[in-house]
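Coordinate analysis (summary)
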Amino acid sequence: ATPTAVMVGTGLGASHGVLIKGGQALESTHKVNCVVFDKTGTLTMGKPVVVYTKLLKTMEPQHFYELVAATEVNSEHPLAKAIVEHAKTFWEEGDKSIWPEARDFVSVPGHGVKAMVRHREILIGNKSLMLQHDMIIPEDAESILAQAEKLAQTGILVSFDQEVTGVFAISDPLKPGVREVISILKSMEVMSIMVTGDNLGTAESVAKEVGIETVIAEANPEQKAEKVKDLQASGYTVAMVGDGINDSPALVVADVGMAIGAGTEIAIEAADIVLMKSNLEDVITAIDLSRKTFRRIR
Ligand code: ADP
Ligand code: MG
């Protein structure tokens, strides 16, 4: 393609809300034959809502939610926001801005968070976070987790001082049209894969709903990037689509990193292309545009 064609291509992209950072990005995109999608915030709305809660010990709900919210208020994770929103419903309007102080807050990427609140050690996250801390997972918690996974929801465990005290089931609806996007990509001979930090059961339920056959679950940021490298080693030209800090290593190693416009600053910086409308159809727009630009003139 001539420099003019590339300029026209990037210009057209911009007019569709597809921000292409330079000619190289546009060129690489026409060879893409595999798209790796992050799940949360990419295939899903990224606006999760707590749909089910179970306290496993006898205690005041307000006491439970106060410790939980005090911990999660320190996290940027969409699941944390959902949990804090839910906790607020246990207080009167205007009465809810003051959570106790959390000390030694740590976020364990891909697993959850921990902090000390009111001299108790609070852990909130997935099963593997609890297992890492030698926690015993009660039978009833296990069955709630299994049920949540079947429903494509994310199950989250809460522990106070080495004891599992509660379970949340959190639902994050799919973005509209995801199934169609995956099917159109297939017709363009582009394979779709999902990578996620979420657990395998939930990930597989979501993948089934959208028509994705290959799923890598419970992946940390480095493992997401490793998966991209594996695909490249198998001869694929890979586009990675993601929204989070946890996607940025994969966005960087991919042949084309595509960030969701509504995603985090770090993902947007790491990407070659930004989908300003946060719309997955624009993955197709980008590939189409690049194919048109680079296949016309040879
Ligand atoms: P994804 O790849 O789907 O965006 P993440 O890697 O961000 O997911 O998170 C993976 C998992 O870690 C979540 O599904 C959740 O179980 C747990 N997790 C991460 N952060 C938090 C948090 N702040 N509170 C509770 N659980 C969390
Ligand atoms: Mg995400």
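Parameters at a glance
Residues numbered from 1 in each chain as written. Chains lettered and ligands numbered in written order. Predicted model: local features only at pLDDT ≥ 70, side-chain atom pairs only at ≥ 80, totals over all residues. Heavy atoms only, no water. Donors = N, O, S within 2.8 Å, 3.2 Å for Na, K, Ca; no water. Helix = DSSP H or I, 4+ residues; strand = E, 2+ residues; numbered from the N terminus. Buried < 20%, exposed > 50% of the residue type's maximum accessible area, 1.4 Å probe, protein only. Near = heavy atom within 4 Å. Polar contact = N/O pair within 3.5 Å; in protein donor to acceptor, adjacent residues only side chain to side chain. Areas by Shrake-Rupley, 256 points an atom, 1.4 Å probe, with all protein chains shown as cover. Pairing = 2+ DSSP bridges. Axes fitted to C-alpha atoms, helices over the stretch in contact; angles between N-to-C directions. Contact = heavy atoms within 4.5 Å. Right-handed = clockwise from strand over helix to strand, strands pointing away. pLDDT = per-residue confidence, 0-100.

1. Here we look at the coordination of the magnesium ion (ligand 2)
In this structure, Asp38 (OD), Thr40 (O) and Asp243 (OD) serve as the protein donors to the magnesium ion (ligand 2), at separations of 2.2 to 2.3 Å. In the primary sequence, the donor residues of the magnesium ion (ligand 2) line up as D-x1-T-x202-D. One end of the pair, Thr40, is in helix H3 (residues 39-43); the other, Asp243, is in the loop between strand E11 (238-242) and helix H11 (248-253), and 203 residues separate them in sequence. With respect to class, Thr40 is no different from Asp243; both count as buried.

2. A short note on the site of ligand 1
Taken together, 21 residues are adjacent to ligand 1, and Thr40, Glu72, His77, Thr196 and Lys224 come closest. Contacts to ligand 1 include Gly110, whose backbone N or O atom sits 3.0 Å from an oxygen atom. Here an oxygen atom of ligand 1 sits 2.8 Å away from a polar atom, N or O, in the side chain of Lys224. Isolated, ligand 1 exposes 560 Å² of accessible area, and the fraction of that covered by the protein chains is 95%.

3. As for unusual backbone geometry
A positive phi angle, near 65 degrees, is found at Glu189, a position not held by glycine. Phi angles above zero are rare outside glycine, and Glu218 is one such case at about 50 degrees. Position of Glu218 relative to the elements: it lies in the loop between strand E10 (214-216) and helix H10 (221-233).

4. Points about the sheet that holds strand E6 (residues 120-125)
If you walk across this open sheet you meet the six strands as E3-E8-E7-E6-E5-E4, and the pairing is antiparallel. Each end of this open sheet is capped by a strand with a single partner; those strands are strand E3 (49-55) and strand E4 (102-108). Averaged over neighbouring strand pairs, the angle between their axes works out to 15 degrees when direction is ignored. Of the pairings in the sheet, the one linking E3 to strand E8 (residues 163-171) comprises six bridges and is antiparallel in character. What sits directly across from Tyr52, in E8, is Ala169. Each of E3, strand E7 (154-160) and E8 is contacted by helix H7 (residues 139-150), which is oriented at about 155 degrees to E7, the strand it contacts most.

5. A word on the pairing of strand E9 (residues 191-195)
One face of the sheet, then the other: side chains in a regular strand alternate in exactly this way. With four of five residues buried, E9 lies mostly within the body of the structure. Sheet topology note: the strand E2 (residues 34-38)/E9 ladder contains five bridges and is parallel. When the sheet's bridge partners are listed, Val35 is paired in E9 with Ser192. By the bridge criterion, three bridges tie E9 to E10 in an arrangement that is parallel. Paired with Met194 across the strands is Val215, a residue of E10. For the handedness criterion, the β-α-β arrangement of E9, helix H9 (residues 200-210) and E10 is classed as right-handed.

6. Side note on the side chain of Asn126
Here Asn126 shows up in the loop between E6 and helix H6 (127-132). Classification of Asn126 by relative accessible area gives buried; the value is 16%. One polar contact links the side chain of Asn126 to the main-chain carbonyl oxygen of Gly110, over a distance of 3.1 Å.

7. Observations concerning the environment of Leu131
Turning to its location among the elements, Leu131 is positioned in helix H6. Here the alpha-carbon distance between Leu131 and Val8, two residues 123 residues apart in the chain, equals 54 Å.

8. A look at the confidence of the model for the chain
Model confidence for the chain is summarised by a mean pLDDT of 94, while 98% of its residues fall at 70 or above. Both scores are available for the predicted complex, with the pTM at 0.85 and the ipTM at 0.95.

9. Notes on the sheet that holds E11
Here seven strands make up an open sheet; going across it, the order is E1-E13-E12-E11-E2-E9-E10 and the pairing mixed. Edge positions in the sheet fall to strand E1 (18-20) and E10, since each of these pairs with one other strand and no more. Pairs of neighbouring strands in the sheet enclose a mean axial angle of 20 degrees, with direction left out of account. As paired strands, E11 and strand E12 (residues 256-260) are joined by four bridges and run parallel to one another. Directly across from Gly242, in E12, lies its bridge partner Ala259.

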